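Below are the chains, spelled out letter by letter.
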Amino acid sequence: MTVSKDTIKRYSIRLGDDAVVLGHRLSEWCSSGPFLEEDLALTNVALDFIGRARMFYGYAAELADDGSTEDTYAYTRDNREFTNLLIHELKNGDFAFTMARQYFIDVYSLAYMEALQNSSDETLAAVADKAVKESRYHLRRSHDWMLRLGDGTEESRSRMQRAVDDLWGYTPEMFEMDALEQELADAGIGVDAAALRDDWEQTVHATLVEATLEVPEGDWAVNGGRQGMHTEALGHMLSDMQFVQRAYPGLQW
Amino acid sequence: MADPAIIPALPAEEYERRERRVNSSLQSLWDLLDAVKDPEIPAVSLWEMGILQDIAMQGDRVIVTITPTYSGCPAMTVMAEDVLQALADAGYADSEVVTRLSPAWSTSWMSEEAQDKLREYGIAPPGQGGGNEPVEVLCPRCHSDEVRRLSEFGSTACKALYQCSACGEPFDHFKPI
Ligand SMILES: [Zn+2]
């Protein structure tokens, strides 16, 4: 059974959406980081994700072959057309919230990209090859911050615990599979995200314990991102991110 | 123990890259592009960085293949422009830069000479191992190993920020990937 180009295109857009939305969120820290080195780190990680988005979007545009470019996907689609997992779009909150979100995503993203390296689609596998190398450094840093803030002062610990609690219900969505992703996983092109869940939970639990944090009960979960159903945060973010291209369509500099 | 008479093996991709240059019929173009430096580290050329992958001709058209270092590296656009400019200055008005993602770039493609140049420029080099394996980082100024990492990310995504405890020098370490 062959998978249609359109299906692979939509998949590549999903992965691009995850990356561009998180990349933009991280870029919002530029000049607001807690100290200079951390400001640089946040924006460098932002760049890696924006670069990742460009590769996925670029591939989608190539498959679409309809005049679309990477910018078409990033700057001219509305809220409901974005298909990122919700955890990427949440407001940055405080530094603890940003780092807890980053840690949850880094553990997931590294495993996901390692699996995508085995894709029978050469371009997706090549993008994953690059992403894996970068994700290892992202994870090293976000993991350090989990320990440092969790096992830190009373203030940092309570903030980190609150961040973990507030984020927890957004993590199950990362492992949900819909028909499109199942078709691609069965064809050896996409990743079976559901299969990554046990390892993710084990790794994250161990870190939370090491950081003297409590593992949340997991009694709530939100989803809908892959279907274009978003939190109110995304629309506000896009109005900022897309402003220039909306006001001056096609502008280049 | 490794036999000291045996030259350490290059990564296969790097061996092939050097073979492509040695066996190319376009030597003058390879030499010409030696003048194109990494815009963020002007001490080393795109060739020495392992970024310049191949040069080919299609009729009058020069096709240059490069591989990105980091996915979001803003220097990649500048590098492509610099390559086109160098070719245009030499009379090749019609050229194209193609980006190739696979195999993914590795710091192990940097030659020993390139690593020495980084050190002279004040950047602790990534070593020859590649991967994401930590390497011993020495202060590029006083060569002390009494150094500490201040941040996983330095002035660019490819570098981490360190400080030397012996001489006080803050410096970038080019991370192995
Ligand atoms: Zn020193």
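Quantities reported herein were computed from a predicted structural model and do not represent experimental measurements. (Residues numbered from 1 in each chain as written. Chains lettered and ligands numbered in written order. Predicted model: local features only at pLDDT ≥ 70, side-chain atom pairs only at ≥ 80, totals over all residues. Heavy atoms only, no water.)

## Remarks on helix α1 (residues 12-22) of chain B
Every α-helical turn comprises 3.6 residues, leaving residues that sit three or four positions apart pointing alike. Residue and element names in this part refer to chain B. Condition: For each residue, the accessible area found with a 1.4 Å probe, counting protein chains only, is set against the maximum for its type, and the residue is called buried under 20%, exposed over 50%, and partly exposed in between. What counts as a helix is a DSSP run of H or I of at least four residues, what counts as a strand is a run of E of at least two, and both are numbered from the N terminus. Working note: the arc is built from the helix axis to C-beta atom directions. Whether two residues are in contact is decided by their heavy atoms: any pair within 4.5 Å suffices.
Inspection of α1 places E14, R17 and R21 among the buried residues, and these make up the whole buried set. Mapping the buried residues of α1 onto a view down its axis gives an arc of 55°, with all of them on the same face. As for α1, its buried residues are in contact with α2 (27-33), α3 (46-49) and β3 (52-58).

## Comments concerning the domain arrangement of chain B
Size of an interface, as often reported, equals the accessible area lost when the parts are brought together. All names here are of chain B. Inclusion rule: As used throughout, domain bounds are those supplied by an automatic or database domain assignment. By convention, the term buried area covers the 1.4 Å-probe accessible surface removed from two parts as they join, with the contributions of both added.
What the domain assignment reports for chain B is domain 1 (12-108) and domain 2 (123-174). Averaged C-alpha coordinates put domain 1 and domain 2 at centres separated by 27 Å. Contacts between domain 1 and domain 2 engage eight residues on the former and eleven residues on the latter. Overall, the association of domain 1 and domain 2 removes approximately 680 Å² of surface from exposure, summing both partners, and the carbon and sulfur fraction of that is 71%. For domain 1, the biggest contributors to the area lost against domain 2 are I41, Y70 and T107; these three give 60% of the whole.

## Observations regarding unusual backbone geometry
Cis geometry marks the peptide bond from S102(B) to P103(B); its omega dihedral reads 0°. Relative to the elements of secondary structure, P103(B) occurs in the loop between β5 (95-99) and α5 (112-121). Notably, D65(A) is not glycine yet its phi reads approximately 50°, a positive angle. Assignment of secondary structure puts D65(A) in the loop between α2 (36-64) and α3 (70-75). Note on D65(A): relative accessible area 67%, which makes it exposed.

## Overview of the interface of chain B and chain A
Put simply, the rule is: One side-chain nitrogen of Lys or Arg within 4 Å of one carboxyl oxygen of Asp or Glu is enough to make a salt bridge. Here a polar contact means two N or O atoms within 3.5 Å. Within protein one must be a hydrogen donor candidate and the other an acceptor candidate, and residues neighboring in sequence count only if both atoms are side-chain atoms.
Each partner contributes residues to the interface: chain B has 25 residues there, and chain A has 22 residues. For the pair chain B and chain A, the number of links is two salt bridges. The salt bridge involving R140(A) is made with E152(B); its shortest N-O contact spans 3.2 Å. Where chain B packs against chain A, one counts seven residue pairs in polar contact (both at pLDDT 80 or more).

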